[in-house]
Amino acid sequence: MFDILNIDSRSEEAQKINEDLYKNNKKLLIIYDPPYNEWNEAPTFKSHSAIAFCSHQSRHEAEKKLGKPRTELVWFFKDGRWVSNYLPRITHNYIYVYGETDLASVGEKQSTKPQKKGKGSIGQDKSLGDRIYYPKPYKQLNSVLCYSRNMKSGYWSKPEKMINQLIRWVQPDAVLDPFASYGSIGSVCLDLKINYIGFEIDKNIVGIAQSRFKAHRTKSYVL
Ligand SMILES: C[S@@+](CC[C@H](N)C(=O)[O-])C[C@H]1O[C@@H](n2cnc3c(N)ncnc32)[C@H](O)[C@@H]1O
């Protein structure tokens, strides 16, 4: 299942598709990425896990809709945005995470060689003895993610590498992307062979995303 639909995520049709996806998947992940100034209008959907992108101005609206997140990440981008000579440049956004996730070892590959930890790392409790740390094959996700904003196709979108890590952390069966735009999240789902449905209100953008998926599919696995 892989599709991007030209529908309004606030519509009844959108809710109905969500019901079906929720019923038919063990782990449905919703990725909320509305225009930040429209968070107050964003609909909510049934899911097992959710990831929500928001800014310092919209985080309170996101919390009103979705509640207090289980954990929060900060997306740091050096190529920040000037707002005023009297305020700092904006170089971060928030990523709120809700519900079930899997192992957070989704970073770069690393050596799994066991490391003996000296008594110093145990602190005052001498009864614990020597301990050995067994690293996982991939580095653990940091709570601050450093990625430049993705302007590669001439429009702002979330960096695919960052989305890839977040989706692998959750390990969903399906992703619902109610603010799909040009399909960056969809492209990552194609790479990871995860079922995907996107909603996008702008017909022209849907057309561009569809061509992007078509090009992507010819060079990778077809869902
Ligand atoms: C911030 S962008 C999403 C960026 C995307 N996640 C990415 O990484 O490329 C928000 C998108 O939501 C779309 N949108 C806004 N309101 C919508 C609605 N009610 N239903 C569906 N799409 C909507 C906009 O047209 C825009 O393309």
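First, a word on scope: everything that follows refers to the structure included in this document. (Residues numbered from 1 in each chain as written. Predicted model: local features only at pLDDT ≥ 70, side-chain atom pairs only at ≥ 80, totals over all residues.)

**What to know about the overall build of the chain**
Logical step 1: When you go through the chain residue by residue, the secondary structure sums to five helices and 10 strands.
Logical step 2: For the chain, the spread of C-alpha atoms along the principal axes amounts to about 65 × 50 × 35 Å.
Logical step 3: Looking at the chain as a whole, 30% of its 223 residues qualify as buried.
Logical step 4: Of the contacts made within the chain by residues no fewer than 6 positions apart, 62% connect residues no fewer than 24 positions apart. (Helix = DSSP H or I, 4+ residues; strand = E, 2+ residues; numbered from the N terminus. Buried ≥ 20, exposed ≤ 12 C-beta atoms within 10 Å, placed from the backbone. Contact = placed C-beta atoms within 7 Å.)

**Structural notes on the site of the ligand**
Logical step 1: Around the ligand there are 19 residues in total, and S9, S157, K158, F179 and S181 lie nearest to it.
Logical step 2: By residue class, the composition of the shell around the ligand is eight nonpolar, four polar and seven charged. (Near = placed C-beta within 6 Å. Nonpolar A, V, L, I, M, F, W, Y, C, P; charged D, E, K, R; others polar.)

**Notes on unusual backbone geometry**
Logical step 1: One non-glycine residue with positive phi stands out, namely Q171, at about 60 degrees.
Logical step 2: Among the structural elements, Q171 can be located in the loop between α3 (160-170) and β9 (174-177).
Logical step 3: A count of 16 C-beta atoms within 10 Å places Q171 in the partly exposed class.
Logical step 4: Notably, S181 is not glycine yet its phi reads approximately 55 degrees, a positive angle.
Logical step 5: Positionally, S181 belongs in the loop between β9 and α4 (184-192).

**Re the nonpolar core**
Logical step 1: Residues L29, I30, A52, V175 and L176 are the most contacted members of the largest nonpolar core, which totals 45 residues.
Logical step 2: Ranked by the residues each element gives to this core, the list is headed by α3, at six residues.
Logical step 3: With residues up to four places along the chain from it excluded, the contact list for L29 reads S47, S49, A50, I51, V170, P172 and V175. (Core = buried A, V, L, I, M, F, W, Y, C linked by C-beta atoms within 7 Å.)

**Concerning the sheet that holds strand β3 (residues 49-54)**
Logical step 1: Taken in spatial order, the eight strands make up an open sheet running β1-β10-β9-β2-β3-β5-β4-β8, and their pairing is mixed. Each edge of the open sheet carries a strand with a single partner, namely β1 (2-5) and β8 (144-146). Here the average twist between neighbouring strands, direction ignored, is 15 degrees.
Logical step 2: Taken together, the three bridges between strand β4 (residues 71-81) and β8 define a ladder with parallel strand orientation. Each residue of the ladder has a partner; that of F76, found in β8, is C146.
Logical step 3: Along the sheet, helix α2 (residues 59-66) makes contact with β3 and β5 (90-99), crossing β3 at roughly 160 degrees. (Pairing = 2+ DSSP bridges. Axes fitted to C-alpha atoms, helices over the stretch in contact; angles between N-to-C directions.)

**Focus on the pairing of strand β10 (residues 195-199)**
Logical step 1: With four of its five residues buried, β10 lies for the most part within the structure.
Logical step 2: Bridge analysis of β1 against β10 gives four bridges, and the strand direction is parallel. Opposite F2, over in β10, you have Y196 as the bridge partner.
Logical step 3: Taken together, β9, α4 and β10 form a β-α-β motif whose crossover is right-handed. (Right-handed = clockwise from strand over helix to strand, strands pointing away.)

**Examining the environment of Q115**
Logical step 1: Mapped onto the secondary structure, Q115 falls in strand β6 (residues 115-117).
Logical step 2: Overall, Q115 belongs to the exposed group, with 12 C-beta atoms counted inside 10 Å.
Logical step 3: Through-space distance from the C-alpha of Q115 to that of Y134 is 6.5 Å; in sequence the pair is 19 residues apart.

**Digging into the pairing of β9**
Regular strands have side chains that alternate between both faces of the sheet.
Logical step 1: Here β9 shows a buried face lined by A174 and L176 and a second buried face lined by V175 and D177.
Logical step 2: Sheet topology note: the strand β2 (residues 28-32)/β9 ladder contains three bridges and is parallel. Within β9, the position partnered with L28 by the bridge is A174.
Logical step 3: Where β9 and β10 come together, four bridges link them in parallel fashion. What sits directly across from A174, in β10, is N195.

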